[in-house]
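Below are the chains, spelled out letter by letter.
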Amino acid sequence: MPAVTETLDTVAAVTEGGYKWGFSTDIEMDMAPKGLNEDIVRLISERKGEPEWLLAWRLKAFAAWLKMEEPDWAKIHHPPIDYQDLHYYAAPKKKPGPKSLDEVDPALLAMYEKLGIPLRERAILAGVEPGDVEAGEGERPPVAIDAVFDSVSVATTFRATLAKSGVIFCPISEAVHSHPELVKQYLGSVVPAGDNYFAALNSAVFSDGSFVFIPKGVRCPMELSTYFRINARNTGQFERTLIIVEDGGHVSYLEGCTAPQRDENQLHAAVVELVAMTDATIKYSTVQNWYPGDADGKGGIYNFVTKRGVCRGARSKISWTQVETGSAITWKYPSCILQGDDSVGEFYSVAVTTNRQQADTGTKMIHIGKRSKSTIVSKGISAGRSDNTYRGLVRIMKGADGARNFTQCDSLLIGDQCGAHTVPYIESRNPTAKTEHEATTSKIADDQLFYCRQRGLSQEDAVGLIVNGFCKDVLKELPMEFAVEAQKLLAVSLEGSVG
Amino acid sequence: MNAVSQTSLQAAAASFRARYEGLKERLGGDSIQRAEAADAFAHQGLPGPREEAWRYTVLRPLTEVAFHEPVVLLSDCAAGLAALPDLGMPRLVFIDGRFRADLSDAVTGAEVRTGAPAFGPSVALGEKMVALNAMLAEDGAAITVAPGVDAGAVMLVSLGSDAHGVPVSFHPRHSVVLGKGARLTLVEINAGTGVYFNNPVLVAEVAEDATLVHLRMQQEAAGAFHLSTVLAEVGARGTYDSFSLALGGRLSRVEVHATLLGEKAMAHLNAAQLLGGSQHSDFTTIVRHHAPATASRQTVKNVLTGRSKGVFQGKIEVARIAQKTDGYQMNQTLLLSGDAEIDSKPQLEIYADDVKCSHGATVGELDADQLFYLRSRGVPAEQARNLLVRAFLSEALDPIAHEGARAAMEAAIAAWWERQA
Amino acid sequence: MLEIKGLHAGIEDKEILRGIDLVVPTGEVHAIMGPNGSGKSTLSYVLSGREGYEVTGGSATFDGHELLEMEPEERAAAGVFLAFQYPVELPGVNNANFLRTALNAQRRARGDAELDAVQFLKMARAEIKRLSMADDMLKRNVNVGFSGGEKKRNEVLQMAILRPKLAILDETDSGLDIDALKIVADGVNALRGPAFSAVVITHYQRLLEHIVPDRVHVLANGRIIRSGGPELALELEAQGYAAVVAEAA
C-alpha cells in the first residue's frame, strides 16, 4: 500500500518534529466580547439573524446549562475552565467577494494550502468561483467541502452539483433560513439541548457548522467534508452539525480538524446529530488533529464533543470512524441509538496520546430495535506521559430480541510512563441478545522492532509500521484519502516516543 | 429518584451513627480507631448511585428497613447448624455476628482469637461499607497461622436470624494472618432466616510463599442483605485463591480487594452468582498489581432467572512498577429469563508497558444448537438445560481443589436449580 | 568478506562467545555446526545487532564495515540478512507492504532509486513463482497465522527479494519437512554466486546435503574448535558432537 510509504516519507521529512499544523492565520476578525451571559447568547442569535424560536431554544439551553455541573466521571484532569474568559463568537470580517485568487486574503489561501486542500478547491472556498466545477477527466471524484473557520462557515463547495440530486449541503446558519422546517424538526432531536453540560453549552452558543439533507432514495454523488479550524485567540469553538438521511439515502461525511499552536488552552464543544431513516446509511469519519499542547502539557485544545446518531428506521446504518491524535483533552463518545429493527451501529476508533495528552473516548450503543447489531473496534495507543481511556456502553433494552454486539478493544503502550485504561459497561436486559467484549493490552515487542530493523527499517519506521498494523482494522474503514492522512498523522504523532 | 434515594440513604446512615453513639462505651477494641471509623462514616455516609463504584447496586431497599442491634443471645440455631455441610473440619460459628464458643470447635494448627477486633494497619476507611463495619464491629475471628505451618481447613460460619422479632444488623470483623510459607483453607458460609443485614469485613495478610484458599458460600435468607468486603494483601510468591458462590439474599454485594505486594504474588478471584426471583447480587473486584511479575486470574459466571439482576465489576490495576504482570479476567452471563438483567463492567487500568492483560465479557442465553443436540440424543429439555448450565459453571468451579467444599457447592447449586424448576 | 576476530560476547554477565575467529570470503558458503548451547544463535544475533547482547571483545567486519558499531538497519542496508530461527509476527502488516518498505529503506540508504508499487509487485511475484510459493504470500500479514514451515519459507522469500550480500541462516532447517527444506535450500542456492556469501547455522547435517558448504566449522563452548571441508559434517553426523568436542579438548 503506497499510503504507508508516504507515512514513512513524512516521518523522514519532518526532521524537527512537532505540530506542523500549528500555524496561525492573521485575518481580520469580528469578535464578541469575552464572557458568557444571556446578552451574548442574544448577540450570537442576532448576528445570525435567527428566527425567534431559535433564540428561545438557545436561551432555554443556556438556562439549563447554568444549573448543570461539569461532568467529573471521565479519567481526565484539568484546571477549572473559566467560562467567562472566552470569546463565544468570532468570525472573519465579511468583505465583497473577490474576483480572482489575487484578491483573496493570502493568509486564508495559505491556510487552505497548509490544510492540504487542493488548489482549485482552495479558490472555491475563498469564494472566487461560483462553487460549482465539474471534475476533470481522470481526476479523483470531487469532495464537497464546508470550511468552518473559528465559529463560522466560510465557504461551501459544489453546492449546485449537489442540489441537482436534491442534496442540501450548507452551513447550518444558512439552513436555519433556507430550510427552517427541517432544522426546527431535527435540531436537538438526537442530542437534546440539556443532554449534558457541554451539549447545553453548545446549544446556547453554537454559531455554525454543517447541515446535510439527503432526500429519499438518493445516494449522495460525492463525499461531503468539513474542515474545522480554531484560529482566533481565547475563543471557544462550538460548531453544530446536523445530518438527515431519508429513506434509502446514503452519505459519507468526513471531518478534519486543526488549530494553531497556542500556550493557553482553548475550548471546543461541538455537537453532531445524525438521523438515519429506513434503509438509510450514514458514514461519518473524523480525523481529529487539534493542537495537543507541547511536551510539558502547556496549551492545547480541550475537546468536549457530543456526537450521537439515531437509526430511526428499519435496516438503517450509522458508522462512526475516528482517528484522534490531537487535543490536550479528548472527551468524546460518538454513539448510536439503534431504534429501527435490524439497524446497524458501528464505531471504529484509533486514539493516540503522547506527551501529556489525555483521551477518554469510546461509544454508546443503545439497542432498542429487534436484531439490531453493533460493532465496536477501538485501538488506543499511549506514549509519553499520557493517559488513554476507552469508555464504552453497550445497552440491550428489553425489546431488542436477537440483538448482537461485538466489541474489540486493544491498547498499545509505548514507554513506561503512560497509562492505558479500558472501561466497558455492558447492560443486557434481553436473553436472546448476545454481547461479546474482548480487550487486550500489549506493547511493541522488542523482537518485532528488531525483526523490522534487521530488514532495514529504522526504529521510527518500524514503530510506524507496527502501529499502523495495530490500527489496520480501523484505518481500512476510512475513505481512501483520509486513510493516507491518518496514517501519516499516526507516525508523526508518535515520533520520538520510542528509543 | 436520586434525590429521594439520597435522602433515605442519609436517614439510614444517621440511624447507624445513632447506634454507634449509644454503643460506643460498650464496644471493645481500640476506641481511637473506632472513633476514626465513625468519623469517616459520618463524613462519607452510605454509598449512593451517583458513585461510579455503586452505579449498578443501589442500596435503597436497605434504607427501607430499620435495623437494630441484636440484643438477645439466642440458644437455638439447631436448624441452621444442621443444614451446614459436614466437611470434616473444625468450625467457628457466629450467630448474628457473635461468636459462639459452645457451638464451635477447637482449631489446631492455627491460633484463633475472638472478641472485639484489633483493626490492624489496613483499615481502608475510605471504603464506605468498611467504615460502617469498623464503626460497629463488636466481634470476629482473628486467625493466625505461624510461618511454615499448614493449618489445614477451617470453616467460618455466620448464621443470621429473625428470632429477635426485629430486623438486626451485624458487622463482624475477621482477620487471617498467614506467616511465611503457611497454608490455610478457609471455608466461609453465610446463611440464616428472616430479615437481617450482614456486613462482614475480612482482612487477609498472606506473607511470602504462603497460600490462603478462601471458599465462600453466600446462602443468606431470602429477605437478607449481605454487603461484605475482603481486603487481601499478598507477599512475594504468595497466593490468595478464592471462589465465591452467591445464591441467597435479597440484596448482596461481595467486594474483594486483592493487592499483590511482592514479586510473583498471585490472586485467583473466581465466582459464580446464581440468582432468581427479584434478587440482586453484585460481585465486585479490584486487583492491584503493585509488584513485578504478579498474576491474577478471574473467572466470574452469572446465571440469572426470574427478575433478578446480576452485577459484575472487576478492575485490574497495574502500577508502573508492576512490569511483567499477567492479568486475566473473564465474565460470562447466562440470561435464562426475559426479565433478568446483567450489568457488567470489566475494567483495566494500566500504567506499565510490559504486561499481558486481557479481559472478556459475554452475555447470552443457552446455546440453542447444544440444547437441540442433547435433546436429539434423548436428554429431556429440563435436564439438558441443567447439564448446560453446570457445564457453563464448571470453569469457575473446577479449580476448587478442596473436594468436600466443591461437592458442597455443587450440591447447593443443584438444590438451587431444583428450586428454580 | 566477513571477518570475525577474537569475538567475545554474552548476555548480562554470562559470556557465551569466548573468542570466535572466522573468515568467510566473498562467494563462499560456510556452515557452523554445534551442539545446543554452543553459542550458534548468539553469534547470529551479535552479527545482526540484536539488543541485549554485550560485546566484550574482538571485532567483526563485513566488506570493510565495522559491523558491531552499526545499527541493525545499517547492517541490513550493508547487505547482512538474518533468517530468523523464530520469525516474528507483525499483526496488521502485510508482507508486500513490509518488504517494499524494507527494500526501499535499504535502497535509499545505499543511494539507489526506490521501487514504486508496480515495479515491486512485478519483481516480488516473479520471485514467488521461482520459489514455487503460494500467490497469497504477499497479501498475508507478516508471519501471522503461518505454520512453522511457512514462516521459514517466508524468510527465504524475503531473502530472495532483499538480495543480501551475506545471509546468516539461523537453524532455518529446524522443524521443516523435506519439501520445505528443499525450498529453503533452493532459495539459498539460487543466490549463490561470486558476490554472495552465507553462514548456515545448523544442528544437523541434513540441510548441508542440499546446500553444500565450502567450509564447515564446529562451534562448542563459544569457540570454533574445528574447521574443515564438507566431509566434516558427515564425520559429525557419524560420530556425534561429543566425540569431536572431546577430541578437540
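Report on the accompanying structure. The residue numbering used here restarts from 1 in each chain and proceeds along that chain's sequence as written. Just so you know, chain letters begin at A and ligand numbers begin at 1, following the order they were written in. Per-residue local features are limited, in this predicted model, to residues with pLDDT of at least 70; the limit for side-chain atom pairs, both in listing and counting, is 80 or more; totals at the level of whole chains, interfaces and linings are taken over all residues. Processing note: side-chain calculations cover all non-hydrogen atoms of the structure and skip hydrogens and water entirely.

Overview of the overall build of chain C
So, point 1. Helix and strand definitions follow DSSP, with helices as H or I runs of at least four residues and strands as E runs of at least two, each counted in order from the N terminus. Along its length, chain C carries nine helices and 10 strands.
So, point 2. Taking 18 Å as the expected radius of gyration for a compact globule of 249 residues, we find that chain C reaches 18 Å, a close match to that expectation.
So, point 3. Reported as C-alpha extents along the three principal axes, the dimensions of chain C are approximately 55 × 40 × 35 Å.
So, point 4. Only protein chains enter the area calculation, which uses a 1.4 Å probe; residues under 20% of their type maximum are buried, those over 50% are exposed, and those in between are partly exposed. Here chain C holds 249 residues, and 53% of them are scored as buried.
So, point 5. Residue pairs in contact within chain C that sit at least 24 positions apart in sequence constitute 66% of those at least 6 positions apart.
So, point 6. Averaging the positions of the 27 positive and the 35 negative side-chain charges in chain C gives two centres separated by 6 Å. Between the two quantities, the radius of gyration covers C-alpha atoms and the globule rule is 2.2 Å times the number of residues to the power 0.38. Throughout, a residue-residue contact means that at least one pair of heavy atoms, one from each residue, lies within 4.5 Å. The convention is simple: Lys and Arg are positive, Asp and Glu are negative, and His and the chain ends are not counted. Where a charge sits is defined by one atom per residue type, namely NZ (Lys), CZ (Arg), CG (Asp) or CD (Glu).

A look at the overall build of chain B
So, point 1. In terms of helices and strands, chain B carries eight helices and 21 strands.
So, point 2. Since a compact globule built from 421 residues should have a radius of gyration of about 22 Å, the 21 Å found for chain B is in line with a globular shape.
So, point 3. Expressed along its principal axes, the backbone C-alpha trace of chain B runs to roughly 70 × 50 × 50 Å.
So, point 4. Counting every atom, chain B has about 15500 Å² of accessible surface; 52% of that belongs to carbon and sulfur.
So, point 5. For chain B, the distance from the average position of its 37 positive side-chain charges to the average position of its 47 negative side-chain charges is 3 Å. What sets the accessible areas is the Shrake-Rupley method with a 1.4 Å probe; for residues, cover comes only from the shown protein chains.

Digging into the sheet that holds strand β6 (residues 80–83) of chain C
All names here are of chain C.
So, point 1. Taken in spatial order, the six strands make up an open sheet running β6-β7-β8-β3-β9-β10, and their pairing is mixed. Edge positions in the open sheet fall to β6 and β10 (223–228), since each of these has one partner strand only. Geometrically, the sheet is characterised by an average inter-axis angle of 20° between neighbouring strands, direction not taken into account.
So, point 2. Any two strands with at least two DSSP bridges between them are considered paired. Here strand β9 (residues 215–220) runs beside β10; their pairing, made up of five bridges, is antiparallel. Residue pairing across strands places H217 opposite S227, the latter belonging to β10.
So, point 3. An axis is simply a line fitted to the C-alpha atoms; with a helix, the fit covers only the stretch in contact. Between two such axes, the angle follows the N-to-C directions and lies from 0 to 180 degrees. Sheet strands in contact with helix α9 (residues 241–248) are β3 (29–33), β8 (197–202), β9 and β10, and its direction is about 105° off that of β10.

Observations regarding the pairing of strand β10 (residues 201–206) of chain B
All names here are of chain B.
So, point 1. For β10, the buried fraction is high: five of the six residues fall into the buried class.
So, point 2. In this structure, β10 lies alongside strand β12 (residues 225–234), joined through six bridges in parallel fashion. Its bridge partner being in β12, V203 is matched across the sheet by L231.

Quick look at the interface of chain A and chain C
So, point 1. Taken residue by residue, the interface counts 24 residues in chain A and 35 residues in chain C.
So, point 2. Of the roughly 2400 Å² buried where chain A meets chain C, counting both sides, 58% is carbon and sulfur surface.
So, point 3. When residues of chain A are sorted by the area they lose upon contact with chain C, F450, Y451 and R455 of chain A head the list and together hold 32% of the total.
So, point 4. What makes a salt bridge here is a side-chain nitrogen of Lys or Arg within 4 Å of a carboxyl oxygen of Asp or Glu, nothing more. Seen at the junction of chain A and chain C, the total is four salt bridges.
So, point 5. Here R108 of chain C ties to D461 of chain A by a salt bridge, and the two come within 3.9 Å at their closest N and O atoms.
So, point 6. Any pair of N or O atoms that falls within 3.5 Å is considered a polar contact. Within protein, one atom must be able to donate a hydrogen and the other to accept it, and sequence-neighbouring residues count only if both atoms are side-chain atoms. For the interface between chain A and chain C, the tally reads 14 residue pairs in polar contact (both at pLDDT 80 or more). Joining two parts hides part of their accessible area as seen by a 1.4 Å probe, and the buried area is that hidden amount summed over both.

A closer look at the interface of chain A and chain B
So, point 1. Contact residues are listed per partner, giving 34 residues for chain A and 35 residues for chain B.
So, point 2. Summing both partners gives a buried area of about 2800 Å² for chain A against chain B, and 46% of it is carried by carbon and sulfur.
So, point 3. In this structure, the connection of chain A to chain B is made through three salt bridges.
So, point 4. Here E341 of chain B ties to R429 of chain A by a salt bridge, and the two come within 2.7 Å at their closest N and O atoms.
So, point 5. For the pair chain A and chain B, the interface holds 19 residue pairs in polar contact (both at pLDDT 80 or more).
So, point 6. Looking at the side of chain A that touches chain B, the elements with two or more residues in it are β22 (419–428) and β23 (434–443) of chain A.
So, point 7. Each residue gets one of three labels, nonpolar for Ala, Val, Leu, Ile, Met, Phe, Trp, Tyr, Cys and Pro, charged for Asp, Glu, Lys and Arg, and polar for the others, Gly among them. Classifying every residue of the side of chain A that touches chain B gives 11 nonpolar, 13 polar and 10 charged.
So, point 8. Across seven bridges, β23 of chain A lies against strand β21 (residues 356–364) of chain B in antiparallel orientation. Looking at β21 of chain B, one finds that E438 of chain A is bridged to G360 of chain B.

Let's talk about the environment of G496 of chain A
So, point 1. Turning to its location among the elements, G496 of chain A is positioned in the segment after α13 (480–493).
So, point 2. In this structure the C-alpha to C-alpha distance between G496 of chain A and E460 of chain A, which are 36 residues apart in sequence, comes to 7.5 Å.

Quick look at the side chain of E127 of chain C
Residue and element names in this part refer to chain C.
So, point 1. Note that E127 resides in helix α4 (residues 117–130).
So, point 2. Take E127: its relative accessible area is 7%, and that puts it in the buried class.
So, point 3. Residues within four places of E127 in sequence aside, it is in contact with L157, A160, I161 and R163.

Quick word on the packing of aromatic side chains
So, point 1. Centre distance within 6.5 Å is the pairing criterion for rings of Phe, Tyr and Trp, where only the six-membered ring of Trp is used; planes under 30 degrees apart are then read as stacked, over 60 as edge-to-face, and the remainder as tilted. Considering all chains together, one arrives at 28 aromatic pairs over all chains under this definition.
So, point 2. Relative to F304 of chain A, the ring of Y302 of chain A lies with its centre 6.1 Å away and its plane at 70°, an arrangement referred to as edge-to-face. Across the pair, F304 of chain A and Y302 of chain A agree in class, each one buried.
So, point 3. Here a set of aromatic residues connected by ring pairs shows up, and it is made of F62, W65, W73, Y83, Y197, F198, Y302, F304, W331 and Y333 of chain A.
So, point 4. One Lys or Arg, K301 of chain B, reaches over the ring of F392 of chain B and ends 4.6 Å from the middle of that ring. For a lysine, the NZ atom is tested; for an arginine, the CZ atom; a charge sits over a ring if that atom is within 6 Å of the ring centre and within 35 degrees of the ring normal.

Details of the nonpolar core
So, point 1. Formed by 112 residues in total, the largest nonpolar core has its most connected members in I381 and V467 of chain A together with L2, I4 and F98 of chain C.
So, point 2. No other element matches the seven residues that helix α6 (residues 178–191) of chain C contributes to this core.
So, point 3. Here V467 of chain A is in contact with I381, L412, I414, I444, L490 and L494 of chain A, once residues within four sequence places are set aside.
So, point 4. Definition used in this section: a nonpolar core is a set of buried Ala, Val, Leu, Ile, Met, Phe, Trp, Tyr and Cys residues joined via side-chain atoms within 4.5 Å. By size, the runner-up hydrophobic cluster in this structure holds 53 residues, among which are W65, A193, L242 and V275 of chain A.

Comments concerning unusual backbone geometry
So, point 1. Of note, the phi angle at A293 of chain B is positive, near 60°, even though the residue is not glycine.
So, point 2. Secondary-structure assignment places A293 of chain B in the loop between β16 (280–289) and β17 (295–304).
So, point 3. Despite not being glycine, S132 of chain C shows a phi value in the positive range, around 50°.
So, point 4. Within the secondary structure, S132 of chain C sits in the loop between α4 and α5 (148–162).
So, point 5. Owing to a relative accessible area of 56%, S132 of chain C belongs among the exposed residues under this scheme.

Comments concerning the sheet that holds strand β2 (residues 14–24) of chain C
Residue and element names in this part refer to chain C.
So, point 1. The strand order β2-β1-β4-β5 describes an open sheet built from four strands, whose pairing is antiparallel. Bordering the open sheet on either side are β2 and β5 (65–66), each of which pairs with just one other strand.
So, point 2. As defined by bridge partners, strand β1 (residues 2–11) adjoins strand β4 (residues 53–62) across eight bridges and the pair is classed as antiparallel. Across the sheet, G10 pairs through a bridge with E54, a residue of β4.
So, point 3. Against the sheet, helix α1 (residues 40–48) touches β1, β2 and β4, its axis set at about 110° to β1.

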